[in-house]
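One letter stands for each residue in the lines below.
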Amino acid sequence: MEVLKTGIGIDIGGTKIWAVLATEQGTIIEEVKLDTEKTRSGLLRQLDELVGHFAAASFRQGMGTPYGVGIGLPGRVSEKLVQWVPNLPELNGLDLGAHADERWAIPARLQNDGQLALYGEQWLGAARSRQSVVMLTLGTGIGGGIMVDGKVLRGANGTAGSMGWLTMDMTDSGDPEQGWLERMVSGTGIHRRASRLSVPLSGRELFDRAAAGHPEALELVHQIGYCIGGAVANLASVFDPELVLIGGGVSLQLDRMMPSLRSAMERYGSPSARDVPVAAAKLSEKAGVLGALRLVFL
């Protein structure tokens, strides 16, 4: 009888770590969600504990040592080295592959988290059977992935799909650590903008107030949706995808923003881009961690 292979997928975000132990077919055996430690030593301790816990769980299930560890990070990474992660700058320059070899005895591979989210959707979600897809992940920051002819683009530096750097306001002075779109419509950006209203709100409260008809909240939600729509119009005009996916926590509010989003697409998109289907990622916030798992077996 063939023993099922297991793998560990870890999605490291600016605020949360989501990790799973799962089979090669994507069946989750166990999952853990943690607040992200901001120091290098603290985060390495978290990873050591997660991998050790999952390795033991895999043995208890009679499946032996996990086949590998896939790790998604929001920035520029090689397969082994963390090069630049703006939301977790203490990790910059970390040779996580060497740490894995020394401490885990299980091979580890790294990749940009937005690309991995699209891998997850291609494998088990809304992009199955699709060949041309653009995905934006709107979480603490903004990332994304681009699929062309069935392949998710990595890029020369491993950062293809860095949607947060799209700029639609050429009067903006720029920021060396965060792109314009990320400052406007990431979860962090939305929270910052909502906190500046006449009655300061959190990001979650903003959408609740808008649903209740609060005029100021409604206007800001319109601006956010219109901004996302402008970004989608640009991307769809360049890549001519059959589908655009919106992932991350902000995607949970997509229905409320869709009229504004489609209005911007119709105004700024090329003729073929104006009617491209836009949908919430099927795997929601799990897309990244399942894509990290998929990386183990690619």
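Residues numbered from 1 in each chain as written. Predicted model: local features only at pLDDT ≥ 70, side-chain atom pairs only at ≥ 80, totals over all residues. Heavy atoms only, no water.

Chemist: Now, about the overall build of the protein: what can you tell me, with residues and values included?
Modeler: Within the protein one finds 9 helices and 12 strands. For a compact globule of 298 residues, the expected C-alpha radius of gyration is about 19 Å, and the protein comes in at 19 Å, within 12% of that figure. Each principal axis of the C-alpha atoms in the protein carries an extent, and together these give about 60 × 40 × 35 Å. A total of 298 residues make up the protein; the buried ones form 51% of that total. (Helix = DSSP H or I, 4+ residues; strand = E, 2+ residues; numbered from the N terminus. Rg over C-alpha atoms; globule rule 2.2 N^0.38 Å. Buried < 20%, exposed > 50% of the residue type's maximum accessible area, 1.4 Å probe, protein only.)

Chemist: Tell me about a nonpolar patch on the surface, and please be specific about residues and values.
Modeler: Residues Val148, Leu153, Val238 and Phe239 make up a contiguous nonpolar surface patch of about 310 Å² in total accessible area. Relative to the elements of secondary structure, valine 238 occurs in helix α7 (residues 215-239). (Patch = residues over 30% accessible without salt bridge, like charges linked within 9 Å, V, L, I, M, F, W, Y side chains within 5 Å. Areas by Shrake-Rupley, 256 points an atom, 1.4 Å probe, with all protein chains shown as cover. Salt bridge = Lys/Arg side-chain N within 4 Å of Asp/Glu carboxyl O.)

Chemist: Tell me about the pattern of salt bridges, residues and numbers included.
Modeler: A complete count under the given rule lists 7 salt bridges for this structure. The partner of aspartate 35 in a salt bridge is lysine 16, and the shortest N-O contact between them spans 2.5 Å. Here aspartate 35, found in strand β3 (residues 28-35), pairs with lysine 16, found in strand β2 (residues 16-23); they are 19 residues apart in sequence, far enough to count as distant. Given a relative accessible area of 51%, aspartate 35 falls into the exposed group. Under the relative-accessibility criterion, lysine 16 is labelled partly exposed at 40%. Put simply, glutamate 37 and arginine 45 hold a salt bridge, and the shortest N to O gap is 3.3 Å. Assessed through its relative accessible area of 30%, glutamate 37 is described here as partly exposed.

Chemist: Describe the side chain of aspartate 113, listing the residues and the values that go with them.
Modeler: Among the secondary structure elements, aspartate 113 is positioned in helix α3 (residues 113-124). An unpaired buried charge is present at aspartate 113: no salt bridge exists, and arginine 154, the closest side chain of opposite charge, is 11 Å distant. (Lys, Arg positive; Asp, Glu negative; His and termini not counted.)

Chemist: Can you explain the sheet that holds β2? Please cite residues and give values.
Modeler: Pairing within the open sheet is mixed, and its 5 strands lie in the order β3-β2-β1-β4-β7. A single partner strand is all that each edge strand has here, and the edge strands are β3 and β7 (108-112). Mean inter-strand twist for the sheet, computed between neighbouring axes without regard to direction, equals 15°. With 5 bridges connecting them, strand β4 (residues 69-73) and β7 associate as parallel partners. If you follow glycine 70 over to β7, its bridge partner there is arginine 109. (Pairing = 2+ DSSP bridges. Axes fitted to C-alpha atoms, helices over the stretch in contact; angles between N-to-C directions.)

Chemist: Give a detailed account of the nonpolar core, specifying residues and quantitative values.
Modeler: Generally speaking, soluble globular proteins have nonpolar side chains that are buried together. Ranked by internal contacts, the top residues of the largest apolar core, which has 38 residues, are Leu136, Leu206, Ile228 and Ile246. Those elements giving two or more residues to this core turn out to be β8 (133-138), β9 (142-148), α4 (180-185), α5 (187-194), α6 (203-211), α7, β11 (243-247) and α8 (254-268). A per-element tally of this core places α7 first, with 10 residues. In this view, leucine 206 contacts Ile190, Ala194, Leu197, Leu201, Ala217, Leu220, Val221 and Ile224; residues no more than four positions away in its chain are not counted. In terms of nonpolar packing, the next biggest core, distinct from the first, is built from 29 residues, Leu44, Phe54, Ala55 and Ala57 among them. (Core = buried A, V, L, I, M, F, W, Y, C linked by side-chain atoms within 4.5 Å. Contact = heavy atoms within 4.5 Å.)

Chemist: Account for the sheet that holds β8, with residues named and values stated.
Modeler: Pairing is mixed across the open sheet formed by 5 strands, whose spatial order is β10-β9-β8-β11-β12. Among the strands making up the open sheet, the edge pair consists of β10 (151-152) and β12 (278-280). Across 5 bridges, β8 lies against β11 in parallel orientation. When the sheet's bridge partners are listed, threonine 137 is paired in β11 with glycine 247.

Chemist: Explain the pairing of β3 to me, using residue names and the numbers behind them.
Modeler: Judged from the 7 bridges that link them, β2 and β3 form a sheet pairing that is antiparallel. Directly across from isoleucine 17, in β3, lies its bridge partner leucine 34.

Chemist: Tell me about the environment of alanine 57, and name the residues and values.
Modeler: In this structure, alanine 57 sits in helix α1 (residues 40-60). Owing to a relative accessible area of 4%, alanine 57 belongs among the buried residues under this scheme. For the pair formed by alanine 57 and arginine 45, sequence separation is 12 residues and the distance between their alpha carbons is 18 Å. If sequence neighbours within four positions are ignored, alanine 57 has contacts with Leu21 and Glu30.

Such coordinate-based values are descriptive only and should not be taken to indicate function.
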